[in-house]
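Letter by letter, the chains look like this.
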Amino acid sequence: MHVDCTPELVVIEFSSSETMSGRKFRKHRYTKISLHQMAWLQTSLLQSVQVSRIYPSDSKHFVDMCIKTSMKEVLEEWQSTTAQTNVSNAALDSQHLHAFLLKHFHDPGRDLVTLELQPRVPDFIDVINPRSLSEFALEVHKLWQVLYREVSTSVHHHPQNHTMLPLPRPFVIPGDRFREVYYWDSYWITLGLLASDHTDVALGMTHNMLTLVDLFDHVPNGSRTYYVNRSQPPLLSSMVAACYQARASKQLLEDALPRLIKEWEYWCEGTCGGKAVIVTDDSGKQHRLSRYCADWEEPRPESYREDLEIASSLQSEEAKRKLYHNLASAAESGWDFSSRWLKDGHTLSTIRTTQIIPADLNGLLHRTAAHISSFALEIGDQALSNAFKIKAEELNEAMKQLMWNNEQGCWSDLLLDADHCPALAAPQEAAKSAETLSAAHVTELSGTVGQRSHATSATVPAADCTVASPRLGEDSPSTTSQCTTDACVTAGLIITTGPSPTLAVCTGRQLSGRVYASNWVPLWCGCCQPGSAEAESAVRGLVGSGLLQPGGIMTSLYDSGQQWDAPNAWAPLQHMIVCGLRQCGVPHGEALAAELASRWIKANYLGFHATSQMHEKYNARAPGKIGGGGEYSPQVGFGWSNGVLLEFLRMYPDQNTLNA
Ligand SMILES: OC[C@H]1O[C@H](O[C@H]2O[C@H](CO)[C@@H](O)[C@H](O)[C@H]2O)[C@H](O)[C@@H](O)[C@@H]1O
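Note that this is a predicted model, so its numbers are computed, not measured. (Residues numbered from 1 in each chain as written. Predicted model: local features only at pLDDT ≥ 70, side-chain atom pairs only at ≥ 80, totals over all residues. Heavy atoms only, no water.)

**Observations concerning the overall build of the chain**
When helices and strands are counted, the chain shows 23 helices and 22 strands. Counted over contacts in the chain with a minimum sequence separation of 6, partners at least 24 positions apart contribute 73%. (Helix = DSSP H or I, 4+ residues; strand = E, 2+ residues; numbered from the N terminus. Contact = heavy atoms within 4.5 Å.)

**Focus on the packing of helix α11 (residues 236-246) against helix α15 (residues 359-378)**
In the contact formed by α11 and α15, the axes pass within 9 Å of each other and the chain directions differ by 40°. Comparing the axis directions of α11 and α15 gives the class oblique. By crossing handedness, the relation of α11 to α15 is classed as left-handed. Here α11 contributes Ser237, Ser238, Val240, Ala241 and Tyr244 to the contact with α15, which in turn contributes Arg367, Thr368, His371, Phe375 and Glu378. (Axes fitted to C-alpha atoms, helices over the stretch in contact; angles between N-to-C directions. Parallel < 35°, antiparallel > 145°, perpendicular 65-115°, else oblique. Left-handed = near helix turned anticlockwise from the far one by under 90°.)

**Quick notes on unusual backbone geometry**
Geometrically, the link from asparagine 129 to proline 130 is a cis peptide bond, its omega value of 5° lying close to zero. Here proline 130 is to be found in the loop between α6 (123-127) and α7 (131-146). Positive phi outside glycine occurs at aspartate 217, with the angle close to 65°.

**Quick notes on the packing of α7 against helix α23 (residues 639-651)**
The interhelical angle for the contact between α7 and α23, taken along N-to-C directions, is 140°, at an axis separation of 10 Å. In terms of orientation, α7 lies oblique with respect to α23. As α7 runs across α23, the sense of the crossing is left-handed. Of α23, the residues touching α7 (which contributes Leu133, Phe136, Ala137, Val140, His141, Leu143 and Trp144) are Gly639, Asn642, Gly643, Leu645, Leu646 and Leu649. Tallied by class, residues from the contact of α7 with α23 come to nine nonpolar, four polar and no charged. (Nonpolar A, V, L, I, M, F, W, Y, C, P; charged D, E, K, R; others polar.)

**Examining the site of the ligand**
Near the ligand there are 21 residues, and of these Asp185, Asn221, Glu302, Gly334 and Asp336 occur at the shortest range. Taking aspartate 185, its side chain carries an N or O atom lying 2.6 Å from an oxygen atom of the ligand. Within the side chain of arginine 300, an N or O atom sits 2.8 Å from an oxygen atom of the ligand. In isolation the ligand offers 480 Å² of accessible surface; the protein chains occlude 100% of this area. Put simply, the ligand lies in the largest cavity. (Near = heavy atom within 4 Å. Polar contact = N/O pair within 3.5 Å; in protein donor to acceptor, adjacent residues only side chain to side chain. Areas by Shrake-Rupley, 256 points an atom, 1.4 Å probe, with all protein chains shown as cover. 1 Å grid on protein atoms, 1.4 Å probe; cavity = no way out; pocket = protein on both sides within 12 Å on 5 of 7 lines; lining within 4 Å. Sits in = over half its atoms within 2 Å of the grid points.)

**With respect to the side chain of serine 329**
Considering the arrangement of structural elements, one finds serine 329 in helix α14 (residues 317-332). Here histidine 325 takes part through its backbone oxygen, which lies 2.7 Å from a polar atom of the side chain of serine 329. Excluding anything up to four places from it in sequence, serine 329 contacts Tyr292, Cys293, Ala294, Thr353 and Thr354.

**Things to note about the side chain of glutamine 635**
In this structure, glutamine 635 sits in the loop between β22 (618-619) and α23. For glutamine 635, a relative accessible area of 5% gives the class buried. Polar contacts involving the side chain of glutamine 635 include one to the main-chain amide nitrogen of arginine 177, which spans 2.8 Å. With residues near it in sequence (within four places) discarded, glutamine 635 still touches Gly175, Asp176, Arg177, Phe178, His615 and Glu616. (Buried < 20%, exposed > 50% of the residue type's maximum accessible area, 1.4 Å probe, protein only.)

**As for empty space enclosed by the protein**
What the rule picks out here adds up to six cavities of 30 Å³ or more. Size it by volume and the largest cavity reaches roughly 260 Å³. Around the largest cavity, the lining is made up of 24 residues, and of these Phe178, Tyr182, Gln232, Asp336 and Tyr632 lie nearest the centre. Within the lining of the largest cavity, the residues separate by chemical class into ten nonpolar, five polar and nine charged. (Points joined across faces, edges and corners; volume = space filled by probe spheres on them.)

**Details of helix α12 (residues 250-268)**
Its 19 residues give α12 an end-to-end C-alpha distance of 26 Å, which sits within 8% of 27 Å, the value for a rise of 1.5 Å per residue. The sharpest bend along α12 comes to roughly 35°, located at alanine 256, with the proline proline 258 sitting one to four residues further on. (Expected span 1.5 Å × (residues − 1). Bend = angle between axes of the 7 residues up to and from the residue.)

**Points about the nonpolar core**
Judged by nonpolar contacts, the single largest core of 186 residues is most densely connected at Phe62 and Leu289. Residue contributions to this core peak at ten residues, all from α12. When residues no more than four places from it in sequence are discounted, the contact partners of leucine 289 are Lys275, Ala276, Val277, Val279, Ile357, Asn362, Leu395, Ala398, Met399, Leu402, Met403 and Leu414. (Core = buried A, V, L, I, M, F, W, Y, C linked by side-chain atoms within 4.5 Å.)

**A few points about the pairing of strand β9 (residues 286-290)**
Across five bridges, strand β8 (residues 276-280) lies against β9 in antiparallel orientation. Bridge pairing links valine 277 to leucine 289 in β9. Once β8 ends, the chain turns through five residues before running back antiparallel as β9, passing glycine 284 with a positive phi of about 90°. (Pairing = 2+ DSSP bridges.)

**As for the confidence of the model for the chain**
A residue-level look at the chain finds 80% of positions with pLDDT of 70 or above and a mean pLDDT of 83. Every residue in residues 1-23 scores below 50 in pLDDT, and together they form 89 contacts with partners more than four places removed in sequence or on other chains. The low-confidence segment residues 429-501 (pLDDT under 50) makes 175 contacts with residues lying over four places distant or belonging to another chain. As scored by the predictor, the complex reaches a pTM of 0.87 and an ipTM of 0.96. (pLDDT = per-residue confidence, 0-100.)

Structure, rendered in structure tokens:
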């Protein structure tokens, strides 16, 4: 396989099989096995199994099963079975399907081995006050053992029989249906492991992530082949920073730096396609920002039936492809799903993820650049450090000019008009003109995308073009300045070729007025100076946002029925915002951080006492109540909740008001 991260088109064609059509994958390097797997994940077998509801409780069940025989055998027999029964490319009756699956597949789980973790009780647990909380912390600490795994030898020897990626080191999984490593979950799991004195496991998890960057030029959403088409919120540099703080090894920084730079290029340089966008500010100055943009335009294999159902209301194939692309891109955001990505705020078929420049993503990229700069300094590479210092400053300036929402005291998401911007199109669309190669298995074709020179104009409301109060609905704007229809129309969108052939220049944009916890993530990412006017305004904005509830920081103000919305509260958001408040240099911010951490600890404690479990999400309005909504049933375990709880108790061991 080609190793450079250059614009590339990979064409897969399984010529001997009717069940596999030629598929194109643009960008990045995929491993050969993952390419075969990606093609396999688009066969009529997958479609038949998922549509038949043979595993009714969860669409993820089938894609996590392991092949008993070989992929070749499975596909050849599938082809002849469907041919014999004269239902080529269509569903078999459930009896035949059952028999077929039993012959060729193991239930999920064969790709993992449960390991023994070295027992230890970290010192901070003894210091926790009151005693009941210290006992609770010990129970949660013991859950690492329950979630500790490594991949089985079969994954290393026969990777083509597994969707599981062959990770070299042991790891902690989130739990329940999430039987693999998840990118952003791993950061909070790592923090919890470090608090728990499991430093070697934390380092191993970080090493796994660096290996994934070697293989894919990015960290996939999760360690499964069906997740490699996208990433998740970039927290690898934060994992490295946390491990470096725990065990100051310069070797870790030496190993990490080239991989972090590769990851940076994936998100920000535009060479890997789709994610980087140029947006101009009111003075015409161009800024580079990033968005979520998956390399996938099919139903997600792990949620196949769900995606087909959402698409059923759409007529054209193009509209369906665009929908699938936006669903996968929302999964890349980690916020799958949320009113945040939905044009009307509640209907999944109105999803428009790739039209949005997210405040949290760009904040995290700023944090990544700042980390790279400081790691480079630490190992004596002044030039690299300077280069990334400049990148961090540029991104900060872009966010300040384009995303800072003075009215709400936060960084808001930006809306672009993707319909009128060719380079913002879905990946297969952008690659449409490329020639499909016929090949026995896998072939590569380089340098075919993004050669565009359009100068189109269309109209979208501009940043200063707004109406009164924030509301959820179509393009609800953010500030209270007057807006007339004419003013909106004249401040139009102009798209031209950007400095790099793959980047679009968008001169029209609109600040989202919707209120999400993600709007305060940049506070944690160092996007304003401690003690500055912005920091003060952000603290005020958060207090007045309506998000601060008795059970923690609510994800949004909108009860959309999606899991990344009200009334749910998620551990990662609590952690980033609490730490942002702690470091923002505003006295009231620090007190608020302590108060919010206490609310979260109490909610987790009550939830554990009611259910004997740690949960993936909670209900912010009712402390101790479990969260819900979304496309799968609420999960227990749970990696990041355990990590944040232990980290909060390490930071704030005195919780004497627990029973108040
Ligand atoms: O199967 C549906 C989706 O499930 C995952 O998303 C959710 O769980 C992840 C693991 O805890 C978490 O990282 C993510 O924020 C959750 O929304 C998965 O990441 C998605 O890609 C997948 O489509």
